[in-house]
Amino acid sequence: MTTEMAEPASKIELPASVAGDGEIPTFHITLRVRRYDPEISEEARWDDYKLTMYGTDRVLDALHKVKWEIDGSVSFRRSCAHGVCGSDAMRINGRNRLACKTLLKDLDTSKPITVEPIKGLPVEKDLIVDMEPFFQSFREVMPFLINKGHEPTKERLQSVEDRERFDDTTKCILCAACTSSCPVFWTDGQYFGPAAIVNAHRFIFDSRDDAGDMRLEILNDKEGVWRCRTTFNCSEACPRGIQVTKAIAEVKQAILARKI
Amino acid sequence: MQVHKYDVVIVGAGGAGMRAAIESGQRARTAVLTKLYPTRSHTGAAQGGMCAALANVEEDNWEWHTFDTIKGGDYLVDQDAAEVMAKEAIDAVLDLEKMGLPFNRTPEGRIDQRRFGGHTRDHGKAPVRRACYAADRTGHMILQTLYQNCVKHNVEFYNEYYVLDLLIVDEDAVREDGTPYKQKRVAGVVSYDLASGELHVFQAKSVVFASGGAGKVFKTTSNAHTLTGDGMGIAFRRGIPLEDMEFFQFHPTGLAGLGILLTEGARGEGAILRNSEGERFMERYAPTIKDLAPRDIVARAMANEVREGRGCGPNKDYVLLDLTHLEPAHIEAKLPDITEFARTYLGVEPFTDPVPVFPTAHYAMGGIPTNITTEVLQDNDTIVPGLYAAGEVACVSVHGSNRLGTNSLLDINVFGKRAGIAAAEYSKTADFVELPEDPEAMTRGILDGLLSGNGTERVAQIRKELQDTMDANMQVFRTKESLEQVLRDIASFEERYKHVTVQDKGKRFNLDLLEAVELGFLLDMAKVMTVGALHREESRGGHYREDFPDRDDEKFMKHSMAYLDNSVTAASSAESVAGIRLETKPVIFTRYEPMERKY
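Residues numbered from 1 in each chain as written. Chains lettered and ligands numbered in written order. Predicted model: local features only at pLDDT ≥ 70, side-chain atom pairs only at ≥ 80, totals over all residues.

**Some thoughts on helix 3 (residues 79-99) of chain B**
Residues and elements named next belong to chain B.
Thinking step 1. Here helix 3 is 21 residues long and its end C-alpha atoms lie 29 Å apart, about the 30 Å a rise of 1.5 Å per residue gives.
Thinking step 2. Roughly 40 degrees is the biggest bend found in helix 3, and it falls at Ala-89.
Thinking step 3. Listing the buried residues of helix 3 in full gives Gln-79, Ala-81, Ala-82, Glu-83, Met-85, Ala-86, Ala-89, Ala-92, Val-93, Leu-94, Leu-96 and Glu-97.
Thinking step 4. Those residues of helix 3 that are buried lie in contact with strand 3 (50-51), helix 2 (62-72), strand 5 (126-132), helix 4 (138-152) and helix 11 (407-429). (Helix = DSSP H or I, 4+ residues; strand = E, 2+ residues; numbered from the N terminus. Expected span 1.5 Å × (residues − 1). Bend = angle between axes of the 7 residues up to and from the residue. Buried ≥ 20, exposed ≤ 12 C-beta atoms within 10 Å, placed from the backbone. Contact = placed C-beta atoms within 7 Å.)

**Notes on the interface of chain B and chain A**
Thinking step 1. In this assembly, 58 residues from chain B lie in contact with 51 residues from chain A.
Thinking step 2. The set of elements that each furnish at least two residues to the side of chain B that touches chain A consists of helix 3, helix 4, helix 10 (336-346), helix 13 (459-473) and helix 15 (511-535) of chain B.
Thinking step 3. For the side of chain B that touches chain A, the element with the highest residue contribution is helix 4 of chain B, accounting for six residues.

**Comments concerning the environment of His-64 of chain A**
Residue and element names in this part refer to chain A.
Thinking step 1. Summarising the element assignment, His-64 is placed in helix 2 (residues 59-70).
Thinking step 2. Given 24 C-beta atoms within a 10 Å radius, His-64 is considered buried.
Thinking step 3. Each C-alpha atom, one on His-64 and one on Asp-213, is 46 Å from the other, the two residues being 149 residues apart in sequence.

**Considerations on the domain arrangement of chain A**
Residues and elements named next belong to chain A.
Thinking step 1. You can read the domains of chain A as domain 1 (26-129) and domain 2 (132-147 + 162-259).
Thinking step 2. Relative placement of domain 1 and domain 2: their C-alpha centres are 28 Å apart.
Thinking step 3. Counting residues at the interface gives 13 residues for domain 1 and 14 residues for domain 2.
Thinking step 4. Per-class residue counts for the side of domain 1 that touches domain 2 are six nonpolar, four polar and three charged. (Domains from an automatic or database assignment. Nonpolar A, V, L, I, M, F, W, Y, C, P; charged D, E, K, R; others polar.)

**Details of helix 5 (residues 230-237) of chain B**
All names here are of chain B.
Thinking step 1. With seven of eight residues buried, helix 5 lies mostly within the body of the structure.
Thinking step 2. All of the buried residues along helix 5 are Asp-230, Gly-231, Met-232, Gly-233, Ile-234, Ala-235 and Phe-236.
Thinking step 3. Following helix 5 by one or two positions, Gly-239 has its phi on the positive side, about 90 degrees.

**Comments concerning the sheet that holds strand 1 (residues 26-35) of chain A**
Residue and element names in this part refer to chain A.
Thinking step 1. One open sheet holds the five strands; their spatial order is 2-1-5-3-4, and the pairing between them is mixed. Strand pairing shows two members of the sheet lacking a second neighbour, strand 2 (45-54) and strand 4 (95-98), which therefore form its edges. Averaged over neighbouring strand pairs, the angle between their axes works out to 35 degrees when direction is ignored.
Thinking step 2. Running over the sheet, helix 2 touches strand 1, strand 2, strand 3 (89-92) and strand 5 (113-116) and is turned about 105 degrees from strand 2. (Pairing = 2+ DSSP bridges. Axes fitted to C-alpha atoms, helices over the stretch in contact; angles between N-to-C directions.)

**Points about the sheet that holds strand 19 (residues 558-564) of chain B**
Residue and element names in this part refer to chain B.
Thinking step 1. Across the sheet, three strands lie side by side as 10-19-20; this open sheet has antiparallel pairing. In the strand order of this sheet, the two ends are held by strand 10 (242-243) and strand 20 (580-586), each with one partner.
Thinking step 2. Bridging between strand 10 and strand 19 involves two bridges; their strand directions are antiparallel. When the sheet's bridge partners are listed, Leu-242 is paired in strand 19 with Ala-562.
Thinking step 3. Lying on the sheet, helix 15 is in contact with strand 10, strand 19 and strand 20; it crosses strand 20 at an angle near 60 degrees.

**Description of the packing of helix 6 (residues 194-204) of chain A against helix 7 (residues 212-219) of chain A**
Residues and elements named next belong to chain A.
Thinking step 1. It is at 9 Å that the axes of helix 6 and helix 7 come closest, and there the two elements cross at 155 degrees. Put simply, helix 6 runs roughly antiparallel to helix 7. Handedness of the helix 6/helix 7 crossing: left-handed. For the pair formed by helix 6 and helix 7, the contact residues are Ile-197, Ala-200, Phe-203 and Ile-204 on the first element and Gly-212, Arg-215, Leu-216 and Leu-219 on the second.
Thinking step 2. The residue inventory of the contact of helix 6 with helix 7, partitioned by class, reads six nonpolar, one polar and one charged. (Parallel < 35°, antiparallel > 145°, perpendicular 65-115°, else oblique. Left-handed = near helix turned anticlockwise from the far one by under 90°.)

Now the structure itself:
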């Protein structure tokens with residue numbers, strides 16, 4: 001296969017004011033992918049791929065180029081390809097990111113770009129991990145509105161300020177970038193992890209919800225918020241810009257304030 | 001063979017599937033099968049809002065919403081369905097609020113509402129604030145809220161179970177007038193477990209299709225990689241017709257070159273489209289509501305500006321979405337995500353620079369035909385007992401030839417709920433239909449054929465060429481010649497598809513194989529769409545024929561119905577292609593006479 005096949009993310013030429021000289025620069029990268037397929041070998045390995053990419057391409061475009069033109073067995077999840085579905089969280093140059101939101105030009109392309117599965121969850125194949133333990137923790141914090149009052153005929157009222165109180169944690173896309181960046185989670189898989197706490201926070205601080213105490217009690221558990229060591233990895237990893245560590249701190253304070 | 005038995009099986013876990021599951025799961029034993037994880041579904045990418053005539057911020061009523069929907073669809077809408085949707089919209093929004101959806105609020109604490117394309121006060125007099133929203137993440141909030149409520153109700157999910165076949169049994173039956181016919185009955189589905197590579201048969205009394213659209217037939221699209229028309233394709237291959245497939249919506253404001261969606265809500269909040277001369281060109285195309293005209297009109301206007309040399313950028317191949325006159329704080333509060341997309345992917349700062357945009361393939365108006373109870377039709381009049389469809393995979397038809405913005409989030413909630421209730425209620429009275437002998441046979445044949453192939457053709461190469469010809473010839477502007485070109489191309493792709501090779505021969509997460517299967521559905525759907533477009537010699541809504549620029553109610557005020565029919569050969573029909581038979585179905589009118597569509 002010699003023809004250029006995979007389309008760049010964007011072939012659009014922007015005005016000089018935005019894109020410099022307007023030409024789309026191409027450049028060469030080495031993509032170093034962590035490979036693992038227990039059907040073939042119990043050993044994981046690194047495979048290097050030399051690729052020519054465009055200035056606006058993302059890591060996901062590089063992975064697609066490998067899969068579509070070189071080796072179809074390279075396996076990774078992806079769907080929306082613009083950072084809203086949360087399928088393609090992976091460890092890129094040692095940091096958790098979404099492959100579809102990480103532009104190659106923002107990485108150091110003079111060295112190989114390493115791509116590995118997120119840590120702390122069992123690897124199934126290549127970049128695909130078992131997400132079930134992650135979603136199990138999510139389900140355990142009762143991530144749904146519980147309101148004990150009478151159902152109004154119209155909507156429940158909520159002030160603009162009350163709505164704003166939990167806005168940040170409504171942005172979570174359950175990609176697991178935060179949880180799988182947490183050193184506590186790596187060593188203790190029982191820890192709820194940042195994402196579950198973020199989703200508990202979203203309801204604890206929702207003025208319409210009546211089950212905050214129950215959630216705080218769940219998170220007061222030995223595998224709950226107190227395991228957090230405030231390393232801020234989670235906040236740095238979040239592709240939605242959620243201030244995860246702050247949300248965890250607010251949950252800790254709420255537990256202390258209510259003296260459960 | 002692994003066989004599971006459920007009262008109700010729902011295929012797809014986006015908005016429509018999960019809304020159905022919440023109803024069905026509380027009434028009957030229900031399983032939801034998805035080729036992704038529920039929260040990865042593309043409902044989450046919807047941005048701007050969900051319309052309902054709550055009248056929270058200004059006078060409004062559901063009859064105006066009904067009218068706008070029908071006019072927006074250029075009168076090809078089934079009016080009974082549009083009435084149902086606009087009327088039930090109000091409860092659909094309130095349901096979501098009670099489930100916990102964090103809508104933006106008015107100063108009084110009510111659900112806030114904003115303007116959206118084609119939604120008007122009093123039958124077109126002026127834009128109306130009808131779209132309920134949560135910043136520009138309304139779809140995300142709907143998807144999360146529905147998933148949260150599925151967790152609450154212990155809905156049983158089979159994640160990464162890719163449904164590949166619908167098990168249908170043909171029974172001899174007789175119509176009231178004495179003519180014999182084949183009555184289709186649903187027995188279940190066959191799915192492929194991505195993790196293990198094993199096939200699983202799900203026997204069910206009711207099956208609900210809620211598997212979304214087929215936008216990946218186009219290159220420039222707002223759709224996810226996974227939206228490959230599987231549900232439509234599966235039904236079509238089993239003899240269910242597909243309705244109005246020639247109508248595909250191109251959303252005006254995709255990020256240029258990328259197709260990533262920038263919500264129409266941006267224009268609802270005051271953003272303006274400009275050409276290379278800085279002109280607000282929509283004033284010429286839709287003098288009354290300008291930038292808030294329906295999507296087909298705006299998309300065509302943009303493509304026309306580019307074609308006539310008034311495009312922007314070094315290659316004059318896009319126009320600009322201008323938000324620079326809006327307050328940065330207002331943009332930050334109402335449109336945080338799309339401004340981030342512009343920064344991340346194009347490096348453009350929307351506070352100070354206009355954003356390059358061009359139409360992007362967005363939504364299939366057509367799909368599996370249903371009545372307003374979401375029962376699937378096997379022909380114009382006959383339902384398939386126990387088979388339901390809702391959301392983008394279905395054609396009920398509330399969108400006609402052009403869907404209004406926000407009406408898809410509404411569609412999935414209103415008709416998803418109806419499907420869940422109807423499927424569960426049916427399962428209480430029905431018996432299981434006996435599984436056909438060797439139910440996995442067709443699926444195993446497809447998979448084994450692809451795995452054992454040793455040709456030289458690559459899936460990605462054929463898919464790219466398909467997407468290229470669809471973008472070039474089946475997009476906003478169409479002609480007889482361009483459509484015939486697509487059909488010639490597809491014929492050659494189908495031949496090459498027989499010789500594709502799948503490199504990954506393993507059983508575990510074989511996504512290489514999955515992409516090869518998806519390409520088969522994409523080819524089928526592209527062909528059905530193009531045959532419909534060739535046959536429809538008029539221009540209506542999202543379908544614009546340069547060689548037939550006017551709407552022709554006399555000949556074409558009717559739905560098209562495409563059937564798989566191997567007795568049709570290329571030579572037997574000038575307008576069809578081998579294997580597809582086209583028929584028509586009457587449009588349902590209640591109270592609105594077709595008028596000329598002006599904004």
